[in-house]
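Given next are the chains, with one letter for each unit.
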Amino acid sequence: MNTKVLVSLAMLVGIGAVLHAIVPPIFFGMKPDMLLTMMFLGIFLFPEKKNIFILAIATGIVSALTTGFPGGQVANMIDKPITAFLFFVLFLTVRKFNQSIVAIAVLTAIGTIISGSVFLGSAAILFGLPGGASFAALFTAVVLPATAVNTVAMVIIYPIVSAILKRSKIAVPQSNSMKG
């Protein structure tokens, strides 16, 4: 594995960890998962299976350490690897047809919905949802707003980070044609 890529992925996880830790909870300890945004960014920039495996495990561990959701430690460890590889498959499929910032935004939204669904589903099955809340209530109150936040963040962050990495020759972003 390329050391520059590993360092770049570690920086994304570190930035995501800080953001994940400081974002306040919205509902029953759940909060928008900015670490998820950084995981998606890592997949966009370094789309190789070994990178995604490392990124998924690292983000799962860090999310588990910083969650405030009851049972969220286990749910995060289940959620991140599943989400990362489903997101990667979607990314590979879309990359063949559309490499725009719009495609990246749509993928981020879909990925966040997948992540929220897997997280809530695994938490519900293993531990039950807090306060007797339903899956639908938590999905509406947390996952949908998190989807909007993550999508907007990606639209802002991706062009900046990809331009920096391109100039530094650490990575050539997979979406080179960044048309609006």
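One can find the structure itself at the top, above this paragraph.
Residues numbered from 1 in each chain as written. Predicted model: local features only at pLDDT ≥ 70, side-chain atom pairs only at ≥ 80, totals over all residues. Heavy atoms only, no water.

Participant: Break down the overall build of the chain for me, citing the residues and quoting the values.
Facilitator: A tally of regular secondary structure across the chain gives six helices and zero strands. When the helices and strands of the chain are listed from N to C terminus, the series reads α-α-α-α-α-α. Here the chain has a C-alpha radius of gyration of 16 Å; the compact-globule value for 180 residues is 16 Å, and the two agree. Along the first, second and third principal axes, the C-alpha set of the chain runs to 50 × 30 × 25 Å. When burial is assessed residue by residue, the chain has 48% of its 180 residues classed as buried. Taking the contacts inside the chain whose residues are at least 6 apart along the sequence as the reference set, 73% of them involve residues at least 24 apart. (Helix = DSSP H or I, 4+ residues; strand = E, 2+ residues; numbered from the N terminus. Rg over C-alpha atoms; globule rule 2.2 N^0.38 Å. Buried < 20%, exposed > 50% of the residue type's maximum accessible area, 1.4 Å probe, protein only. Contact = heavy atoms within 4.5 Å.)

Participant: Explain the pattern of salt bridges to me, and be specific about the residues and the numbers.
Facilitator: Following the criterion strictly, the structure yields three salt bridges and no others. The partner of D33 in a salt bridge is K80, and the shortest N-O contact between them spans 2.7 Å. You can see D33 sitting in the loop between helix 1 (3-22) and helix 2 (34-45) and its partner K80 sitting in helix 4 (residues 72-95), a full 47 residues away along the chain. Two residues, D79 and K80, come together in a salt bridge whose shortest N-O distance is 3.0 Å. The exposure classification of D79 matches that of K80, with both residues buried. It is possible to trace a salt-bridge network through shared partners that takes in D33, D79 and K80. (Salt bridge = Lys/Arg side-chain N within 4 Å of Asp/Glu carboxyl O.)

Participant: So what's going on with the side chain of T83? Residues and values would help.
Facilitator: Mapped onto the elements of the fold, T83 is located in helix 4. One polar contact links T83 to D79, side chain to side chain, over a distance of 2.6 Å. Beyond its immediate chain neighbours, meaning those up to four positions away, T83 contacts L36, M39, F40, G111, I114 and S115. (Polar contact = N/O pair within 3.5 Å; in protein donor to acceptor, adjacent residues only side chain to side chain.)

Participant: How would you explain the packing of helix 3 (residues 49-66) against helix 4 if you had to name every residue and give the values?
Facilitator: Remark: helix 3 packs on helix 4, axes separated minimally by 8 Å, with the N-to-C direction vectors making an angle of 155°. In terms of axis orientation, helix 3 runs roughly antiparallel to helix 4. As for the relative orientation of helix 3 and helix 4, their crossing is right-handed in sense. Between helix 3 and helix 4, the contacting residues are K49, I52, F53, A56, I57, T59, G60, I61, S63 and A64 on the first element and Q73, N76, M77, K80, P81, A84, F85 and F88 on the second. (Axes fitted to C-alpha atoms, helices over the stretch in contact; angles between N-to-C directions. Parallel < 35°, antiparallel > 145°, perpendicular 65-115°, else oblique. Left-handed = near helix turned anticlockwise from the far one by under 90°.)

Participant: Give me the packing of aromatic side chains: which residues, what numbers.
Facilitator: Under the counting rule described, the total for this entry stands at six aromatic pairs. A ring pair is formed by F44 and F87, whose centres lie 5.3 Å apart and whose planes are at 65°; its orientation type is edge-to-face. With F44 in helix 2 and F87 in helix 4, the pair connects residues that are 43 residues apart, well separated along the chain. We classify F87 as buried; its relative accessible area is 0%. Ring centres of F135 and F139 lie 6.0 Å apart, and the angle between their planes is 15°; on these two criteria the pair is classed as stacked. On the criterion of helical spacing, the pair formed by F135 and F139 is a turn pair, its members being four residues apart in helix 6 (residues 135-168). Its relative accessible area of 35% is what places F135 among the partly exposed residues. What links up through ring pairs into an aromatic cluster is the set F40, F44, F87, F91 and Y158. (Phe/Tyr/Trp six-rings, centres within 6.5 Å; stacked < 30°, edge-to-face > 60°.)

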